[in-house]
Amino acid sequence: MKKSLLTLAFSVLSASAFAFPVTVDSCGTPLTFEAAPKRAVIQDINMSEMAFALGLQPSIVGVTGITGWYKLDDAFKKQQGTIPELAPKYPTIENLVAASPDFFFAGWYYGMKPGGEVTPDTLKPFGIKTLVLTESCVHLDKNRPAASMDLLYGDVIKLGKIFGKDAEAEKLVSDWKAQLADIKKRVGSKVDTRVFLYDSGEDKPFTAGKFAMPTALISEAGGTNIMADMETSWGTTSWETVAARNPQFLVLLDYQDDAGYQKLLNFLKSHPAMKETDAVKNERFVALRYAEITPGPANIEAIAKIARAMHPEGF
């Protein structure tokens with residue numbers, strides 16, 4: 001019996017060892033790992049939740065870009081545990097190098113800016129390999145497909161490969177697909193509700209375009225993002241354009257500040273053009289948190305929330 005257990009343990013360790021080297025794609029650049037990172041830093045709440053979902057906490061030496069933007073719930077704090085936050089918003093080179101990391105998971109405008117201080121190229125000399133969030137690749141490569149759930153699935157599978165957690169990543173994705181299949185079954189053939197996502201801005205609304213994750217979430221929930229023809233991920237448009245497209249349903253960003261999403265709704269009710277739209281007149285909306293509308297595990301519950309609010313008869 002002891003010999004069998006030892007043999008099994010050796011087989012598991014050997015399988016893990018032989019899984020490397022692995023190469024993944026990072027915005028068109030091959031990224032090769034000879035072994036799983038041991039000192040990772042993760043940017044932003046959504047990417048941290050991806051890492052936590054795979055149980056990567058023992059390999060994480062820091063997170064960045066969390067408390068400077070969001071109020072954290074107890075669930076996130078519990079998952080974070082004793083992992084320190086190295087910078088409340090965007091990290092500096094000094095923030096990162098001081099932690100001696102060997103891996104950084106971030107994105108363009110998720111902790112990094114094209115031509116900025118912190119980029120994959122500036123981190124490379126310090127031995128830090130950077131996986132770039134796929135949704136953000138459009139900022140350097142306009143030849144990208146429209147947003148789909150593959151933005152989430154693909155990055156989780158990549159993380160699984162990089163950290164030797166392939167089976168866990170595959171199971172996560174499989175479970176998510178099963179949950180979405182159930183949602184779609186409940187929604188049925190109702191797939192044409194016109195939806196507008198309102199993030200912020202009064203002179204011009206800041207919203208999600210063709211390449212942003214909400215376009216995929218709205219579609220999965222049985223709706224159509226009325227700004228899906230915006231050739232960007234996140235950007236501004238005009239109130240005239242939005243009102244002319246007469247949204248029937250709203251996704252309002254809840255930054256969980258003093259007024260939360262209510263101030264967005266109040267503004268729309270007072271706007272001369274928007275107050276005449278079907279969505280505002282009928283007060284048809286759902287409020288979602290940042291982590292729910294950026295690529296991450298919370299996307300699945302976000303789709304369920306949108307679908308329930310748009311199609312309550314199916315739920």
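These remarks concern the structure in this document. (Residues numbered from 1 in each chain as written. Predicted model: local features only at pLDDT ≥ 70, side-chain atom pairs only at ≥ 80, totals over all residues. Heavy atoms only, no water.)

## What about the sheet that holds strand β13 (residues 249-253)?
Here is step 1 of the chain: Across the sheet, four strands lie side by side as β11-β9-β13-β14; this open sheet has parallel pairing. Looking at which strands have only one partner, the edges of the open sheet turn out to be β11 (223-225) and β14 (285-288). The average undirected angle you get between the axes of adjacent strands in this sheet is 30°.
Here is step 2 of the chain: Pairing of strand β9 (residues 193-198) with β11 involves three bridges; the strand directions are parallel. Bridging across to β11, Thr193 finds its partner in Gly223.
Here is step 3 of the chain: Packing of helix α10 (residues 262-270) onto the sheet brings it into contact with β9, β13 and β14, and relative to β13 it is tilted by some 135°. (Pairing = 2+ DSSP bridges. Helix = DSSP H or I, 4+ residues; strand = E, 2+ residues; numbered from the N terminus. Axes fitted to C-alpha atoms, helices over the stretch in contact; angles between N-to-C directions. Contact = heavy atoms within 4.5 Å.)

## Quick look at the environment of Thr119
Here is step 1 of the chain: As for its placement among the helices and strands, Thr119 is situated in the loop between β7 (111-112) and α5 (120-123).
Here is step 2 of the chain: With relative accessibility at 9%, the residue Thr119 sits in the buried group.
Here is step 3 of the chain: With 11 residues separating them along the chain, Thr119 and Trp108 place their C-alpha atoms 8.6 Å apart. (Buried < 20%, exposed > 50% of the residue type's maximum accessible area, 1.4 Å probe, protein only.)

## Comments concerning the nonpolar core
Here is step 1 of the chain: Core analysis: the biggest nonpolar cluster contains 68 residues, and Ile60, Phe103, Phe105, Met149, Leu152, Val156 and Ile306 have the highest contact counts within it.
Here is step 2 of the chain: Not counting chain neighbours up to four residues away, the residues in contact with Ile306 comprise Leu217, Ala221, Phe249, Val251, Val286 and Leu288.
Here is step 3 of the chain: If you look at the next biggest cluster of nonpolar residues, it comprises 17 residues, including Phe196, Ala243, Leu252 and Leu264. (Core = buried A, V, L, I, M, F, W, Y, C linked by side-chain atoms within 4.5 Å.)

## Observations regarding the state of the cysteines
Here is step 1 of the chain: Applying the stated rule across the entire model yields one disulfide.
Here is step 2 of the chain: What pairs with Cys27 in a disulfide is Cys137, and their sulfur atoms sit 1.9 Å apart. With the S-S dihedral at roughly -90°, the linkage between Cys27 and Cys137 falls on the left-handed side. With Cys27 in the loop between β1 (22-26) and β2 (29-33) and Cys137 in the loop between β8 (129-132) and α6 (150-162), the pair connects residues that are 110 residues apart, well separated along the chain.
Here is step 3 of the chain: Overall, Cys27 belongs to the partly exposed group, its relative accessible area being 27%. (Disulfide = S-S within 2.5 Å.)

## Points about unusual backbone geometry
Here is step 1 of the chain: The omega torsion across Phe20 and Pro21 is 5°, close enough to zero to call that bond cis.
Here is step 2 of the chain: Mapped onto the fold, Pro21 is located in the loop between α1 (2-18) and β1.
Here is step 3 of the chain: Positive phi values are uncommon outside glycine, yet Asp44 reaches one of about 75°.
Here is step 4 of the chain: Mapped onto the fold, Asp44 is located in the loop between β3 (40-43) and α2 (45-53).

## Topic: helix α13 (residues 299-310)
Here is step 1 of the chain: Its 12 residues place the ends of α13 16 Å apart at the C-alpha level, agreeing with the 16 Å of an ideal helix rising 1.5 Å per residue.
Here is step 2 of the chain: All of the buried residues in α13 are Asn299, Ile300, Ala302, Ile303, Ala304, Ile306, Ala307 and Met310. (Expected span 1.5 Å × (residues − 1).)

## Some points on the layout of surface pockets
Here is step 1 of the chain: Quantified by volume, the largest pocket comes out at close to 470 Å³.
Here is step 2 of the chain: Of the residues that constitute the lining of the largest pocket, the class distribution is 11 nonpolar, six polar and three charged.
Here is step 3 of the chain: The computed volume of the second largest pocket comes to approximately 400 Å³.
Here is step 4 of the chain: As for the second largest pocket, its lining consists of 18 residues, and the residues nearest its centre are Thr29, Leu31, Pro120, Asp121 and Thr130.
Here is step 5 of the chain: Looking at the lining of the second largest pocket, the elements that each hand over two or more residues are β2, α5 and β8.
Here is step 6 of the chain: By residue number, the principal contributor to the lining of the second largest pocket is β2, which donates four residues.
Here is step 7 of the chain: A class-by-class count of the residues in the lining of the second largest pocket yields nine nonpolar, six polar and three charged. (1 Å grid on protein atoms, 1.4 Å probe; cavity = no way out; pocket = protein on both sides within 12 Å on 5 of 7 lines; lining within 4 Å. Points joined across faces, edges and corners; volume = space filled by probe spheres on them. Nonpolar A, V, L, I, M, F, W, Y, C, P; charged D, E, K, R; others polar.)

Read these as geometric descriptors, not functional statements.
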